[in-house]
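Listed below, chain by chain, are the residues.
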Amino acid sequence: PVANDNVVEGNVITGPSGDIGVTVGAFDEGSYTPQTLNTVVDDNVISGYDVGIQEEGTEAGDVTGNVVRGNGDGIVIEETTDLDVESNVISGNTGDGIESLGGNVGLIIGHNTVRTNGRGIVLKSDETAEYNVVSGNANEGILVLGDDNSVFRNVVRDNEWGIVVEGDANSVNRNTVNDNDVYGIWAKGTSNSN
């Protein structure tokens, strides 16, 4: 039930559709509480999967320096604690570049280049997207679906929509937002106290 301090580094991972390139997870089986601490996914090139990298239920891990391209979704994150997703290049994925499915604590998405995906970055609640370059995505550059997120000092350009906020009490500040096709920043009618 314990898988800590593992490193997935420097691989070229190419595969058929229908799979996940790299998955790091701690899945609760009911009879015990699994643990995955301090796993590093670093400097890999991942393409050809439904999901390039999946992190679920992990603690204190890093996803850094990877090239994730030509997948369905690039990086998918759920129920993690203190995960850093930093300095990756996520491009040419048909779905989301980086997608949170929610339940994360202390998730930092920073210093990534997220370009030419279906959507760029999708946040749920209590998450941070900072210092990313998000460009050329077919739909939203950054989509904020939940509450209490921080969207800080990103460059968001040449997307269909720049930053779209649907939740409440989010902070969107000091971003550079230009040349998006429809709106630069759009707080939808259902959003409040941003």
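Because the structure is predicted, anything quoted here is derived from the model rather than measured. Each chain carries its own residue numbering, running from 1 in the written order of its sequence. Confidence filtering applies because this is a predicted model: local features only for residues at pLDDT of at least 70, side-chain atom pairs given and counted only at 80 or more, and all residues used for totals across whole chains, interfaces and linings. Calculation of side-chain values draws on the structure's entire complement of heavy atoms; hydrogens and water are dropped beforehand.

Turning next to the overall build of the chain. The secondary structure listing takes helices from DSSP runs of H or I that are at least 4 residues long and strands from runs of E that are at least 2 residues long, numbered from the N terminus. The number of helices and strands found in the chain is zero helices and 24 strands. A globule of 194 residues ought to have a C-alpha radius of gyration of about 16 Å, and the chain, at 16 Å, matches this closely. Considering only C-alpha atoms, the chain reaches an extent of 45 × 30 × 25 Å along its principal axes. Note on exposure labels: buried denotes an accessible area under 20% of the residue type's maximum, exposed denotes more than 50%, and partly exposed covers the range between, all computed with a 1.4 Å probe on protein chains only. Burial statistics for the chain: of 194 residues in total, 44% are counted as buried. Restricting to contacts in the chain with at least 6 residues of sequence separation, those with at least 24 account for 32%. For the chain, the exposed surface amounts to about 8300 Å²; the carbon and sulfur share of it is 43%. Based on C-alpha atoms, the radius of gyration is set beside the globule rule, defined as 2.2 Å times the residue count to the power 0.38. Pairs of residues are marked as contacts when any of their non-hydrogen atoms sit within 4.5 Å. Using a 1.4 Å probe, the Shrake-Rupley method yields the accessible areas, and only the shown protein chains count as cover for residues.

Definition used for salt bridges: Asp or Glu carboxyl oxygen within 4 Å of a side-chain nitrogen of Lys or Arg. Evaluated as defined, the whole model comprises two salt bridges. We note a salt bridge from arginine 119 to aspartate 96, for which the minimum N-O separation is 2.7 Å. Here arginine 119 is found in strand E15 (residues 119–123), whereas its partner aspartate 96 is found in strand E12 (residues 96–100), with 23 residues between them in sequence. For aspartate 96, a relative accessible area of 6% gives the class buried. Taking the shortest distance from any N to any O, the salt bridge between lysine 188 and glutamate 166 comes out at 3.1 Å. Of the two residues, lysine 188 is situated in the segment after strand E24 (185–187) and glutamate 166 in the loop between strand E21 (161–165) and strand E22 (171–173); the sequence distance between them amounts to 22 residues.

With that out of the way, let us pick up the side chain of threonine 36. Locating threonine 36 in the fold gives a position in the loop between strand E3 (20–25) and strand E4 (40–42). Among the polar contacts made by the side chain of threonine 36, one reaches the main-chain carbonyl oxygen of glycine 25 at a distance of 3.2 Å. Not counting chain neighbours up to four residues away, the residues in contact with threonine 36 comprise Ala3, Asn4, Val24, Gly25, Ala26, Thr58 and Glu59. Each polar contact in these results corresponds to two N or O atoms within 3.5 Å; when the atoms are within protein, one needs to be able to donate a hydrogen and the other to accept it, and residues that are neighboring in sequence are counted only if both atoms are side-chain atoms.

Before going further, it helps to examine the nonpolar core. Only buried residues count toward a nonpolar core, which is a set of Ala, Val, Leu, Ile, Met, Phe, Trp, Tyr and Cys residues joined through side-chain atoms within 4.5 Å. In terms of nonpolar packing, the biggest core is built from 28 residues, with Ile53, Ile75, Val85, Ile98, Ile121 and Ile142 touching the most fellow members. Among the elements of the structure, E3, strand E9 (73–78), E15, strand E18 (140–144) and E21 are those that each provide at least two residues to this core. If near-sequence neighbours (up to four positions away) are discounted, isoleucine 98 is found in contact with Ile75, Ile77, Val85, Ile90, Ile109, Asn112, Val114, Gly120, Ile121 and Val122.

What follows deals with the sheet that holds strand E11 (residues 89–91). Pairing between two strands is assigned when DSSP locates at least 2 bridges connecting them. With parallel pairing, the eight strands of this open sheet are ordered in space as E2-E5-E8-E11-E14-E17-E20-E23. Each having just a single partner strand, strand E2 (12–14) and strand E23 (176–178) make up the two edges of the open sheet. Here the average twist between neighbouring strands, direction ignored, is 5°. Note: strand E8 (residues 67–69) against E11, three bridges, orientation parallel. Pairing of valine 68 across the sheet is with isoleucine 90, part of E11. To obtain an axis, a line is fitted to C-alpha atoms, over the contacting stretch when the element is a helix, and the angle between two such axes runs from 0 to 180 degrees between their N-to-C directions.

What follows covers the environment of alanine 187. In this fold, alanine 187 is placed in strand E24. Considering only alpha carbons, one finds alanine 187 and valine 164, 23 residues apart in sequence, at a separation of 5.9 Å.

Here we have eight strands laid out as an open sheet, ordered E3-E6-E9-E12-E15-E18-E21-E24, and parallel in their pairing. Each edge of the open sheet carries a strand with a single partner, namely E3 and E24. When strand polarity is set aside, the average angle formed by the axes of neighbouring strands in this sheet is 10°. Looking at chain direction, E21 and E24 are connected through three bridges and run parallel. By the bridge assignment for E24, valine 165 is matched with alanine 187.

Attention now goes to the environment of isoleucine 121. By secondary structure assignment, the location of isoleucine 121 is in strand E15. In this structure isoleucine 121 comes out as buried when scored by relative accessible area, which is 0%.

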